[in-house]
Amino acid sequence: MTRSAAIAPGKWAFITGGSDGLGLAFATDLAQRGMHCLLIARQEDKLARAAAAVRALGVEARTLSLDLEAPDAVAQIAAATADLPLTLAVFNAGAEASGAAFVDRPYDHWATTIRRNVLFLTEALNHFGKRLADSAAAGTPGGIIVVGSEAAFGGVGLSGIYTATKGFALNLCESLWAELAPRGVDVITLLFKIADTPMLRETLARRGIPVEATGASDPIALARGTIEALGDGPVYNPDAVSPDDPVTSNAARRERVNAKTEQMKFFYG
Ligand SMILES: NC(=O)c1ccc[n+]([C@@H]2O[C@H](COP(=O)([O-])OP(=O)(O)OC[C@H]3O[C@@H](n4cnc5c(N)ncnc54)[C@H](OP(=O)(O)O)[C@@H]3O)[C@@H](O)[C@H]2O)c1
């Protein structure tokens, strides 16, 4: 059972990167709970197959073929959801697997990930955070799920821009968790090490490594765990070192965000 009122049969969710892997796992779990889904990704054939699988679970599914790096990506999602009773936004697409050192690729290479993981995400959280808060004020609570990574916890060689963008997302989303919970919108960030997705399999295949050798998590279990933890943020981390670890534990992170937010209230009123 999820504790969040955002997960409601008959309401709509959108899922970025909803056409495969973890994104499709979120859509599948939400559909099993009776939610209709708008799946967003670039490739139309994959979107169509994913939407058919979601519809087979007895709910409605729409698709939006869109590159999240497009300057009007948020406007396109806003238009595609304007007529829908939206209660949940799932921001999932966000991997970066070039495995290159930062200076060995030109800025334009890294800018693609920054556009999707930072610029799009920030504008979308601003737009949909406000929309969901307004709906909550009118009596319909909402939720936001952001798929992060343990990469958010610090810099790592061959992963600089990825870890930087995931760190940005974690800081912003923990702040939003504190700001939006009192306004009727649950926010949670999924943190984990590695998941068995098509992206991971493609990356491993280049080096001839079987996915079984990596201990990758099951996307269905990750999606279900996150949905059930919505309302109990700021993070859901099934790979936490211990319940009181200050970096990886939800309880410890919540305590820190709450204490620091109280300090901000003291400064700013
Ligand atoms: N897999 C892991 O081991 C792992 C570990 C930690 C965290 N994560 C996080 O989990 C999330 C999902 O990862 P993933 O492995 O499933 O790979 P992903 O590439 O982030 O997600 C794949 C999905 O996103 C879509 N997508 C990718 N780029 C897009 C863009 N620019 N515009 C629109 N759609 C786009 C893909 O469809 P199209 O290609 O058709 O657009 C597909 O539906 C990411 O945020 C990632 O950082 C993954």
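Residues numbered from 1 in each chain as written. Predicted model: local features only at pLDDT ≥ 70, side-chain atom pairs only at ≥ 80, totals over all residues. Heavy atoms only, no water.

- The name an unreviewed UniProt entry assigns to the protein chain is Short-subunit dehydrogenase, from the organism Sphingobium fontiphilum.
- Under the UniProt heading Sequence similarities (unreviewed entry), the note attached to the protein chain is "Belongs to the short-chain dehydrogenases/reductases (SDR) family." (UniProt positions renumbered as here; feature names shortened; annotations may be inferred.)

**Some remarks on helix α3 (residues 73-81)**
Line of reasoning, step 1. Every buried residue of α3 is listed here: Ala73, Val74, Ile77, Ala78 and Thr81. Axial view of α3: buried residues confined to an arc of 135°, hence all on one face. (Buried < 20%, exposed > 50% of the residue type's maximum accessible area, 1.4 Å probe, protein only. Helix = DSSP H or I, 4+ residues; strand = E, 2+ residues; numbered from the N terminus. Arc of directions from axis to C-beta.)

**Focus on the nonpolar core**
Line of reasoning, step 1. Among the nonpolar cores identified, the biggest contains 33 residues, and Ile15, Phe26, Leu30, Leu39, Val54, Leu88 and Ile145 are the most heavily contacted of them.
Line of reasoning, step 2. Of all the secondary structure elements, the ones that give two or more residues to this core are β1 (12-16), α1 (21-32), β2 (36-41), α2 (44-55), β4 (86-91), β5 (142-147), β6 (185-190) and α7 (219-229).
Line of reasoning, step 3. Of all the elements, α1 adds the most residues to this core, at six residues.
Line of reasoning, step 4. With near-sequence residues (within four places) excluded, isoleucine 145 lies in contact with Phe26, Leu88, Ala89, Val90, Phe91, Ile188, Thr226, Ile227 and Leu230.
Line of reasoning, step 5. Ranked by size, the runner-up nonpolar core spans 32 residues in total, among them Phe120, Phe128, Ala136 and Ala178. (Core = buried A, V, L, I, M, F, W, Y, C linked by side-chain atoms within 4.5 Å. Contact = heavy atoms within 4.5 Å.)

**Examining the pattern of salt bridges**
Line of reasoning, step 1. What the rule picks out here adds up to 11 salt bridges.
Line of reasoning, step 2. Residue aspartate 29 is joined to arginine 33 by a salt bridge in which the shortest nitrogen-to-oxygen separation is 2.5 Å.
Line of reasoning, step 3. A single salt-bridge network, built from bridges that share partners, covers Asp29, Arg33, Arg224 and Glu228. (Salt bridge = Lys/Arg side-chain N within 4 Å of Asp/Glu carboxyl O.)

**Description of the site of the ligand**
Line of reasoning, step 1. Around the ligand sit 28 residues, and of these Ser19, Arg42, Asn92, Tyr162 and Thr197 come closest.
Line of reasoning, step 2. In this structure, arginine 42 approaches the ligand through a side-chain N or O atom, which is 2.7 Å from an oxygen atom.
Line of reasoning, step 3. At a separation of 2.8 Å, an oxygen atom of the ligand approaches a polar backbone atom of alanine 95.
Line of reasoning, step 4. For the ligand, the accessible surface in isolation is 840 Å², of which the surrounding protein chains cover 94%.
Line of reasoning, step 5. Split by residue class, the shell around the ligand holds 12 nonpolar, eight polar and eight charged. (Near = heavy atom within 4 Å. Polar contact = N/O pair within 3.5 Å; in protein donor to acceptor, adjacent residues only side chain to side chain. Areas by Shrake-Rupley, 256 points an atom, 1.4 Å probe, with all protein chains shown as cover. Nonpolar A, V, L, I, M, F, W, Y, C, P; charged D, E, K, R; others polar.)

**Concerning the layout of surface pockets**
Take a probe with the size of a water molecule and roll it over the atoms, and the empty space left behind shows itself.
Line of reasoning, step 1. Roughly 250 Å³ of volume is contained in the second largest pocket.
Line of reasoning, step 2. Of all elements in the fold, only α5 (160-180) and α8 (250-268) reach the threshold of two or more residues within the lining of the second largest pocket.
Line of reasoning, step 3. Top contributing element to the lining of the second largest pocket by residue count: α8, with six residues.
Line of reasoning, step 4. In terms of residue class, the lining of the second largest pocket is built from three nonpolar, three polar and five charged. (1 Å grid on protein atoms, 1.4 Å probe; cavity = no way out; pocket = protein on both sides within 12 Å on 5 of 7 lines; lining within 4 Å. Points joined across faces, edges and corners; volume = space filled by probe spheres on them.)

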